[in-house]
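Notes for the structure review
Now for the letters of each chain:
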Amino acid sequence: MTDESATDESASFEAIMEKFEDSPSQQRVIRLLLERGFSVNDDGRVVSGGIEIPNTGIAREVDVDRRVVDATTDAILEDPQLRRIFQNISAIPSLMDLAPVLDLAVMTVAVREAEESGIVATVTELLADRDISIRQVITEDPEFTDQPRLYVITDDAVPGDLLNEIRELAFVHKIELQ
């Protein structure tokens, strides 16, 4: 494969995983890096910002040998497309686990078809129409999970009548509150 063909290839989750189709262990490492937003630096070390994540910790988390992590990061650096992806990925801090401590509310919306357009816009517009301040919105990528969810962290609890209105939207499968 030439560098030119690598830039023409799709950078979808599926395309990334196909590059490691012969190694389920390496696929587990790749999935973890993507899910956590971990980068790979020029030295082949896994990092979060400037903080190095020990390969032994990554290996333990996905139940593989440390050498699998080494081989995966080597493969990432050897592939121009993967190198661009994994040297530019970053994590975004989530307020979900902090919500009870910070006195915030979390509404989780499980959706039927995550590929449908306007899901985030519809839900956030309904909240804005009620002057409910949104602190953070997080969506799960449908390529990573079978049950994608929309998480909306708000300053105030969502009133029951608005929950019912959101629950009745065609794309909503289920709503949970934290």
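Residues numbered from 1 in each chain as written. Predicted model: local features only at pLDDT ≥ 70, side-chain atom pairs only at ≥ 80, totals over all residues. Heavy atoms only, no water.

1. Remarks on the overall build of the protein chain
Helix and strand content of the protein chain: nine helices and seven strands. Going through the 178 residues of the protein chain one by one, you find that 39% of them count as buried. Sequence-distant contacts in the protein chain: of pairs separated by 6 or more residues, those separated by 24 or more amount to 66%. Carbon and sulfur atoms form 46% of the exposed surface of the protein chain, whose accessible area is close to 10,300 Å². Averaged over its 16 positive side-chain charges, the protein chain has a centre that lies 6 Å from the centre of its 37 negative ones. (Helix = DSSP H or I, 4+ residues; strand = E, 2+ residues; numbered from the N terminus. Buried < 20%, exposed > 50% of the residue type's maximum accessible area, 1.4 Å probe, protein only. Contact = heavy atoms within 4.5 Å. Areas by Shrake-Rupley, 256 points an atom, 1.4 Å probe, with all protein chains shown as cover. Lys, Arg positive; Asp, Glu negative; His and termini not counted. Charge placed at Lys NZ, Arg CZ, Asp CG, Glu CD.)

2. Details of the nonpolar core
Ranked by internal contacts, the top residues of the largest apolar core, which has 25 residues, are Val29, Ile30, Leu33 and Phe86. Contributions of two or more residues to this core are made by helix H2 (13–18), helix H3 (24–36), helix H4 (55–62), helix H5 (66–78) and helix H6 (80–86). Considering every element that reaches this core, the biggest residue donor is H3, with five residues. (Core = buried A, V, L, I, M, F, W, Y, C linked by side-chain atoms within 4.5 Å.)

3. A word on the confidence of the model for the protein chain
Mean pLDDT over the protein chain: 90, with 94% of residues reaching 70 or higher. Taken as a whole, residues 1–8 scores under 50 in pLDDT and shows eight contacts with residues more than four places along the chain or in a different chain. (pLDDT = per-residue confidence, 0-100.)

4. Focus: helix H8 (residues 119–129)
The complete set of buried residues in H8 reads Ile119, Val123, Leu126 and Leu127. Buried residues of H8, viewed axially, fall in a sector of 100°; they line one side. For H8, the secondary structure elements touched by its buried residues are strand E4 (105–111), strand E5 (134–139), strand E6 (149–154) and helix H9 (160–167). Just beyond H8, the residue with positive phi is Asp131, at close to 60°. (Arc of directions from axis to C-beta.)

5. Some details on the sheet that holds strand E1 (residues 39–40)
In any sheet, the strands associate via hydrogen bonds between backbone groups, in a parallel or an antiparallel arrangement. Pairing within the open sheet is antiparallel, and its three strands lie in the order E1-E2-E3. In this open sheet, the two strands that pair with only one neighbour each are E1 and strand E3 (51–52). As judged from the two bridges shared by strand E2 (residues 46–48) and E3, these two strands associate in the antiparallel manner. Across the sheet, residue Val47 finds its bridge partner in E3, namely Glu52. (Pairing = 2+ DSSP bridges.)

6. Topic: the layout of surface pockets
The calculated volume of the largest pocket comes to roughly 600 Å³. Around the largest pocket, the lining is made up of 20 residues, and of these Leu34, Glu35, Ile138, Thr139 and Glu140 lie nearest the centre. Looking at the lining of the largest pocket, the element that brings in the most residues is E5, giving four residues. Taken together, the residues that form the lining of the largest pocket break down as 10 nonpolar, six polar and four charged. (1 Å grid on protein atoms, 1.4 Å probe; cavity = no way out; pocket = protein on both sides within 12 Å on 5 of 7 lines; lining within 4 Å. Points joined across faces, edges and corners; volume = space filled by probe spheres on them. Nonpolar A, V, L, I, M, F, W, Y, C, P; charged D, E, K, R; others polar.)

7. Concerning the packing of H3 against H5
Packing of H3 against H5 leaves a shortest axis separation of 9 Å and a crossing angle of 70°. It follows from the interaxial angle that H3 and H5 lie roughly perpendicular. Here the hand of the crossing between H3 and H5 comes out right-handed. On H5, the residues that touch Ser25, Gln26, Val29, Ile30 and Leu33 of H3 are Val68, Val69, Ala71, Thr72 and Ile76. Here the contact of H3 with H5 is built from residues that sort into seven nonpolar, three polar and no charged. (Axes fitted to C-alpha atoms, helices over the stretch in contact; angles between N-to-C directions. Parallel < 35°, antiparallel > 145°, perpendicular 65-115°, else oblique. Left-handed = near helix turned anticlockwise from the far one by under 90°.)

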